Amino acid sequence: MTTVSSLGVGSGLDLNTLLTGLTNAEQIPVTMLTNQQSSYTAKLSAYGTLQSGLSALQTASAALGAPSLFQGVTATSSSTGVLTATSDTTAKAGTYAVAVSQLGQAQSLVATGVASTTATIGGGASTTVSLQFGAISGGTLNAGTGTYTGATFTADASRPAASITIDSSNNTLAGIRDAINGNSAMGVTATIVNDGSATPNRLVLTSNATGAKSSMQITVSGDAAVSNLLSNDPTATQNLQQTVVGQDAKLTVNGIAVTSASNTVAGAVQGTTMNLLTTGNSTLTLANNTSNVQTAITAFVTAYNNLHTTEGTLSAFNVAAKTQSALTGDYTLQSIQTRIRAQLNTPQASGSLTMLSNIGVSFQLDGTLAINSTKLSAALNTNMSGVQNLFSSIGGTTGIGSQMSTLITSFSNTGGILQSATDGVNKTLKSLADQIVSAQSVADATIARYKTQFNNLDVLMSSMKSTSSYLTSQFSSGTSA
């Protein structure tokens, strides 16, 4: 088909302007669909912003709904040189007078000195050295020799005896030390101390545990020389010198006598562990950890106010510009706002504090929450159990914190109001995308048809003009002849 180089050249008509107008007209359905697409995209984005604000409030609510938040107790010692203390979630607030009269100690025994740590002791015959822990009672301790007379030894049945073998491979002072340290079941640490005498090397055995029941009874079966060095029975022959007595820690708590094998005393005060450092007196104070609860309540109020601001921005209407926001008049947003506000205003069924206003948290004229710090501090310091019931419960089903967390979670669960709205927008966007492709295809085909028709018109008009010129020229030639 004959074509023309530019539309309108052959016909002399302004076909380009006409085609532009037709093109714009054909694009109107596409533009309308695209505008709808932009509107729904903005709505989807707004739902995402709303979800973010709800998530922050849900997190803050869940924190307030956790019973453990209100069970925190801080342990404080008036004299940290005497003792320090820590508490767990079972501790209860209270004040305790603690008097430490004796610290727990680990028993130490010292052997007779030998000239060399590597010289053999005995003939190397296989010898069994057994160690039993227990308590020494009664009798008399000679402070000079470190030995007992008339004492009784009661084995600790919970700790069976442990033993090592000494033979020609290790029958030196260093070898005995290493054999003892190489068997963790022995429960002692062996070292060699040089006292500077003619036979300076002395084996020192120290119990790894403190307490009266960690005193040692050592029996030796085999080589006499090894037995003469290590045998030690508090009720009979004692070849070792006791330099440190194994003893329990002793203290009183509010006048009640307490004995502990360790200087770490757990359970004497419920939920509290005391670390004894020296003898003396201290006041142990267990106080409710109000700062953590106050921080959690503040975070809750902040999260709600941020959500309120976000909701206002998403639903705003500019009267002057007559423009609306992505969620202006949106049912989903309005429903969420109503249900959250209703939950915050629902009185709790149990406890002396049933409303947020009871602890100084109240709504302002602009819809935000504000905290009366004086009223909140008073509630936390005088009625922590009431504050806990307001926000939480042991079962985690009642209380504003638990209920709000559950409510917000339901919005985004499958079938929830926000999830359903989001799914609906995504479905609409998919449909609009298909419609735009279809509408654009129709518009493109129509404009292509117009172009073909206009080109045909140009060609026809150009041909007619050529014929007209030819005939005119012929007629003019005949007339002249």
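See the structure shown above.
Residues numbered from 1 in each chain as written. Predicted model: local features only at pLDDT ≥ 70, side-chain atom pairs only at ≥ 80, totals over all residues. Heavy atoms only, no water.

Draft legend 1. The packing of helix α4 (residues 290–315) against helix α7 (residues 384–391), seen in detail. Where α4 contacts α7, the two axes come as close as 12 Å, and the packing angle between them is 30 degrees. Remark: the crossing between α4 and α7 carries left-handed chirality. The segment α4 lies against α7, with Thr-290, Val-293 and Ile-297 engaging Met-384, Val-387 and Phe-391. When its residues are assigned to classes, the contact of α4 with α7 shows 5 nonpolar, 1 polar and no charged. (Axes fitted to C-alpha atoms, helices over the stretch in contact; angles between N-to-C directions. Helix = DSSP H or I, 4+ residues; strand = E, 2+ residues; numbered from the N terminus. Left-handed = near helix turned anticlockwise from the far one by under 90°. Contact = heavy atoms within 4.5 Å. Nonpolar A, V, L, I, M, F, W, Y, C, P; charged D, E, K, R; others polar.)

Draft legend 2. Summary view of the pattern of salt bridges. The full count for this structure, using the stated rule, is 4 salt bridges. Between Lys-43 and Asp-330 there is a salt bridge whose closest N-O contact spans 3.3 Å. Placement of Lys-43 in helix α1 (residues 15–65) and of Asp-330 in the loop between β20 (323–324) and α5 (331–344) is noted, with a sequence separation of 287 residues between them. The shortest N-O distance in the salt bridge between Arg-177 and Asp-178 comes to 3.0 Å. On the basis of relative accessibility, which here comes to 45%, the residue Asp-178 falls in the partly exposed class. (Salt bridge = Lys/Arg side-chain N within 4 Å of Asp/Glu carboxyl O. Buried < 20%, exposed > 50% of the residue type's maximum accessible area, 1.4 Å probe, protein only.)

Draft legend 3. Seen up close, helix α8 (residues 400–412). Between the first and last C-alpha of α8 there are 19 Å, a value that for 13 residues agrees with the 18 Å anticipated at 1.5 Å per step. Within the sequence span of α8, burial applies to Ile-400, Gly-401, Ser-402, Met-404, Ser-405, Leu-407, Ile-408 and Phe-411. (Expected span 1.5 Å × (residues − 1).)

Draft legend 4. Layout of unusual backbone geometry. For Asn-254, which is not a glycine, the phi torsion comes out positive at approximately 50 degrees. With respect to the secondary-structure elements, Asn-254 resides in the loop between β14 (249–253) and β15 (256–260). Unlike most non-glycine residues, Lys-322 shows phi in positive territory, near 55 degrees. Within the secondary structure layout, Lys-322 lies in the loop between β19 (317–318) and β20. Overall, Lys-322 belongs to the exposed group, its relative accessible area being 69%.

Draft legend 5. Spatial organisation of the sheet that holds strand β2 (residues 83–87). The strand order across the open sheet built from 3 strands is β2-β17-β16, with neighbouring strands paired in antiparallel fashion. Of all the strands in the sheet, the pair left with one neighbour each is β2 and β16 (264–269). Averaged over neighbouring strand pairs, the angle between their axes works out to 30 degrees when direction is ignored. Pairing geometry for β16 and strand β17 (residues 272–276), over 4 bridges, is antiparallel. Following the sheet pairing, Val-269 is matched in β17 by Thr-272. (Pairing = 2+ DSSP bridges.)

Draft legend 6. Expanded view of the sheet that holds strand β3 (residues 94–102). The 5 strands are arranged β1-β18-β3-β14-β15 in an open sheet whose pairing can be described as antiparallel. Edge positions in the sheet fall to β1 (73–77) and β15, since each of these pairs with one other strand and no more. Here the average twist between neighbouring strands, direction ignored, is 25 degrees. In the sheet, β1 pairs with strand β18 (residues 280–288) via 5 bridges, with the strands oriented antiparallel.

Draft legend 7. Expanded view of the nonpolar core. The biggest cluster of nonpolar side chains holds 45 residues, and the ones touching the most others in it are Ile-340, Ile-359, Val-387 and Phe-391. At the level of elements, α1, α4, α5, α6 (373–382), α7, α8 and α9 (417–480) are the ones that each hand at least two residues to this core. Sorting elements by how many residues they give to this core places α4 first, with 9 residues. Once residues lying within four places of it in the same chain are set aside, the contact partners of Ile-340 are Leu-54, Leu-57, Tyr-304, Leu-307, Met-404, Leu-407 and Phe-411. Among the nonpolar cores identified, the runner-up in size contains 26 residues, and Leu-109, Met-186, Leu-205 and Ile-218 belong to it. (Core = buried A, V, L, I, M, F, W, Y, C linked by side-chain atoms within 4.5 Å.)

Draft legend 8. Focus on the packing of α4 against α5. For the pair α4 and α5, the least separation of the axes is 11 Å and the interaxial angle reads 155 degrees. On the basis of the axis angle, α4 is roughly antiparallel to α5. Taken as a pair, α4 and α5 cross one another with a handedness that is left-handed. When α4 is examined against α5, the residues Phe-300, Tyr-304, Leu-307, Glu-311 and Ser-315 are found in contact with a partner set consisting of Leu-333, Ile-336, Gln-337, Ile-340, Arg-341 and Leu-344. Here the residues of the contact of α4 with α5 sort into 7 nonpolar, 2 polar and 2 charged. (Parallel < 35°, antiparallel > 145°, perpendicular 65-115°, else oblique.)

Draft legend 9. The side chain of Asn-201, seen in detail. Within the secondary structure, Asn-201 sits in strand β11 (residues 201–207). Overall, Asn-201 belongs to the buried group, its relative accessible area being 10%. Of the polar contacts made by the side chain of Asn-201, one reaches the backbone oxygen of Ala-115; its length is 2.9 Å. Those residues in contact with Asn-201 that sit more than four places away from it in its chain are Thr-112, Gly-113, Val-114, Ala-115, Ser-116, Thr-117, Leu-173, Ile-192, Val-193 and Asn-194. (Polar contact = N/O pair within 3.5 Å; in protein donor to acceptor, adjacent residues only side chain to side chain.)

Draft legend 10. Spotlight on the pairing of strand β5 (residues 127–137). The element β5 is extensively covered by neighbouring structure, given that 8 of its 11 residues are classed as buried. Examined bridge by bridge, β5 and strand β9 (residues 162–166) share 5 bridges and lie antiparallel to one another. Along β9, the bridge assignment pairs Leu-131 with Ala-162. Direction of pairing for β5 relative to strand β12 (residues 215–221): antiparallel, over a ladder of 7 bridges. Paired with Val-129 across the strands is Val-220, a residue of β12. Relative to strand β8 (residues 152–155), β5 runs antiparallel, the two sharing 4 bridges.

Draft legend 11. Examining the packing of aromatic side chains more closely. For the structure shown, the criterion picks out 2 aromatic pairs. On the basis of an interplanar angle of 80 degrees and a centroid distance of 5.9 Å, the ring pair of Tyr-304 and Phe-363 is categorised as edge-to-face. With Tyr-304 in helix α4 and Phe-363 in strand β21 (residues 361–363), this pair connects stretches of sequence that are 59 residues apart. Owing to a relative accessible area of 7%, Tyr-304 belongs among the buried residues under this scheme. Just above the ring of Phe-363 sits the side chain of Arg-341; from NZ or CZ to the centre is 3.6 Å. (Phe/Tyr/Trp six-rings, centres within 6.5 Å; stacked < 30°, edge-to-face > 60°. Lys NZ or Arg CZ within 6 Å of the ring centre and 35° of its normal.)

Draft legend 12. Region of interest: the side chain of Asp-156. Counting through the fold element by element, Asp-156 comes out in the loop between β8 and β9. The side chain of Asp-156 is buried and forms no salt bridge, while Arg-159, the nearest opposite charge, is found at 4.3 Å. Within the structure, the side chain of Asp-156 is placed 2.7 Å from the side chain of Ser-158, a separation counted as a polar contact. Once residues lying within four places of it in the same chain are set aside, the contact partners of Asp-156 are Gln-132, Phe-133, Gly-134 and Lys-213. (Lys, Arg positive; Asp, Glu negative; His and termini not counted.)

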